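The lines below spell out each chain.
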Amino acid sequence: MQFVVTQNYEEMSKEAARLVESVMCATPFCVLGLATGSTPLGMYEALVHDVCTGALSFANVTTFNLDEYCGVAPTSAQSYRYYMNEHLFDLVDVDMARTHVPSSSCDAAEDACVAYDAAIERAGGIDLQVLGIGNNGHIGFNEPSDSFSVGTHVVKLSESTIQANSRLFNCVDDVPRRAITMGIGNIMKARQVLVLANGAGKAGIVARAFTGRVIPQVPASVLQLHPCVTVVLDTEAASELVPVKVDD
Ligand code: PGA
């Protein structure tokens, strides 16, 4: 696990975009796993900038998003499909048919989960998975639990996630109680993982997840077992990581 500590949110975002671009350039027909939330917004902005200047193209890129709320239509401003269109897909040269966000439909959710995993496999697996981290250590919507999940599945959102995400809805009662998310197994199968975190509010969970025990009660801790993870932080999010002493 490699840590990159940057001065601030802008630097974190640029560093993350640089890493995404290096994978895109090195991998023909690259498959990206993408995240939503506040954290990657600056990274998407940097990627859009580079497409606009002609330095980057998404023409041959396939994307799979981590998660989606159940029961929120793709046209709703609160849906993750809407977020992705607004902040990336509508602004770059990606082929929309190659962009995937889990189905928000509550009907036949189990079939949709199986189909999502199959689509990832058919695309050849994920080259780079981008992740934020929840205040409770969730990745995607894999909430603290007694076991690590495997494939895409429907989850009941935890109270802490409902509270954290209520800022994006009119009121807390409007936050969906269920979501569909890639499993920990899907994330661990990605060939490379990029985790982003910024702000003092994430410092405690970053330290617990990446220097504490690997336990399903802190889902992100499983990433300690992945062979190729880069964690890009700003100084505040890194503030509780204890530097390792190197003996001379
Ligand atoms: P945030 O969410 O980027 O809005 O902090 C991260 C997450 O919940 O995974």
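Right above here is the structure, for reference.
Residues numbered from 1 in each chain as written. Predicted model: local features only at pLDDT ≥ 70, side-chain atom pairs only at ≥ 80, totals over all residues. Heavy atoms only, no water.

Asker: What's the story with the packing of helix 1 (residues 9-26) against helix 2 (residues 41-52) in this structure? I'm lost.
Answerer: Helix-helix packing is characterised by the crossing angle of the two axes and by the distance between the axes. Across the interface, helix 1 lies against helix 2 with an axial gap of 8 Å and an inter-helix angle of 55°. On the basis of their axis angle, the class for helix 1 and helix 2 is oblique. Seen from above, helix 1 lies across helix 2 with right-handed handedness. Taking contact as the criterion, the partners of Tyr9, Ser13, Ala16, Ala17, Val20 and Glu21 in helix 1 are, on helix 2, Leu41, Gly42, Met43, Ala46, Leu47 and Asp50. Looking at the contact of helix 1 with helix 2, its residues break down into eight nonpolar, two polar and two charged. (Axes fitted to C-alpha atoms, helices over the stretch in contact; angles between N-to-C directions. Helix = DSSP H or I, 4+ residues; strand = E, 2+ residues; numbered from the N terminus. Parallel < 35°, antiparallel > 145°, perpendicular 65-115°, else oblique. Left-handed = near helix turned anticlockwise from the far one by under 90°. Contact = heavy atoms within 4.5 Å. Nonpolar A, V, L, I, M, F, W, Y, C, P; charged D, E, K, R; others polar.)

Asker: Help me understand the sheet that holds strand 5 (residues 99-100), please; the structure alone is not making it clear to me.
Answerer: Strands belonging to one sheet form pairs held by backbone hydrogen bonds; the direction of such a pair is parallel or antiparallel. With respect to topology, seven strands assemble into an open sheet ordered 1-10-9-6-2-3-5, the strand pairing being parallel. The strands lining the two open edges of the sheet, one partner per strand, are strand 1 (2-6) and strand 5. The pairing of strand 9 (residues 192-197) with strand 10 (residues 229-234) spans five bridges and is parallel. Each bridged residue has a counterpart across the sheet, and for Leu194 the counterpart in strand 10 is Thr230. (Pairing = 2+ DSSP bridges.)

Asker: Is there a simple way to think about the layout of surface pockets in this case?
Answerer: Where empty space is left becomes clear once a probe the size of a water molecule has been rolled over the atoms. Looking at the largest pocket, its volume works out to about 480 Å³. Forming the boundary of the largest pocket are 26 residues, of which Gly37, Ile133, Gly134, His138 and Lys202 lie nearest the centre. With four residues, the top contributor of residues to the lining of the largest pocket is helix 5 (residues 159-165). Broken down by class, the residue content of the lining of the largest pocket amounts to nine nonpolar, 14 polar and three charged. When its volume is computed, the second largest pocket comes out at roughly 200 Å³. (1 Å grid on protein atoms, 1.4 Å probe; cavity = no way out; pocket = protein on both sides within 12 Å on 5 of 7 lines; lining within 4 Å. Points joined across faces, edges and corners; volume = space filled by probe spheres on them.)

Asker: Would you mind going over the site of the ligand with me for this structure?
Answerer: Close contacts around the ligand come from Gly37, Ser38, Thr39, Gly132, Ile133, Gly134, His138, Arg167 and Lys202, and that covers them all. Thr39 is positioned such that a nitrogen or oxygen atom in its side chain is 2.4 Å from an oxygen atom of the ligand. With respect to the ligand, the side chain of Lys202 contributes an N or O atom lying 2.7 Å from an oxygen atom. Here the ligand is seated within the largest pocket. (Near = heavy atom within 4 Å. Polar contact = N/O pair within 3.5 Å; in protein donor to acceptor, adjacent residues only side chain to side chain. Sits in = over half its atoms within 2 Å of the grid points.)

Asker: Is there a simple way to think about unusual backbone geometry in this case?
Answerer: Leaving glycine out, the prevailing phi sign among residues is negative, and the prevailing peptide bond configuration is trans. With a phi close to 55°, Phe29 is a non-glycine residue in the positive phi region. Relative to the elements of secondary structure, Phe29 occurs in the loop between helix 1 and strand 2 (31-34). By relative accessible area, which is 52% here, Phe29 ends up exposed. (Buried < 20%, exposed > 50% of the residue type's maximum accessible area, 1.4 Å probe, protein only.)

Asker: Is there a simple way to think about the nonpolar core in this case?
Answerer: With 34 residues, the main nonpolar core has Leu131, Ile139, Val195, Phe210, Leu223 and Leu233 as its most contacted residues. For this core, the secondary-structure elements that each account for two or more residues are helix 4 (109-122), helix 6 (184-189), strand 9, helix 7 (203-211) and strand 10. Looking at which element gives the most residues to this core, the answer is helix 7, with five residues. Excluding residues that lie within four positions of it along the chain, Leu131 makes contacts with Ala35, Leu66, Ile139, Ile187, Val193, Leu194, Val195, Leu196 and Leu223. (Core = buried A, V, L, I, M, F, W, Y, C linked by side-chain atoms within 4.5 Å.)

Asker: Sorry, what's going on with the packing of helix 2 against helix 3 (residues 80-87) here?
Answerer: Across the interface, helix 2 lies against helix 3 with an axial gap of 10 Å and an inter-helix angle of 40°. One element, helix 2, and the other, helix 3, form an angle in the oblique class. For the pair helix 2 and helix 3, the contacting residues are Leu41, Tyr44 and Val48 in the first and Tyr83, Met84 and His87 in the second. Classifying every residue of the contact of helix 2 with helix 3 by side-chain character gives five nonpolar, one polar and no charged.

Asker: Explanation requested: the pattern of salt bridges in the structure shown.
Answerer: Any two side chains of opposite charge can pair, on the condition that their charged atoms come close. Here the structure, examined in full by the defined rule, presents five salt bridges. Of the charged contacts in the structure, one is a salt bridge between Glu121 and Lys189, with a shortest N-O distance of 3.2 Å. Note that Glu121 is positioned in helix 4 and Lys189 in helix 6, a separation of 68 residues in sequence. We note a salt bridge from Asp127 to Arg191, for which the minimum N-O separation is 2.9 Å. (Salt bridge = Lys/Arg side-chain N within 4 Å of Asp/Glu carboxyl O.)

Keep in mind these numbers describe shape, not what the thing actually does.
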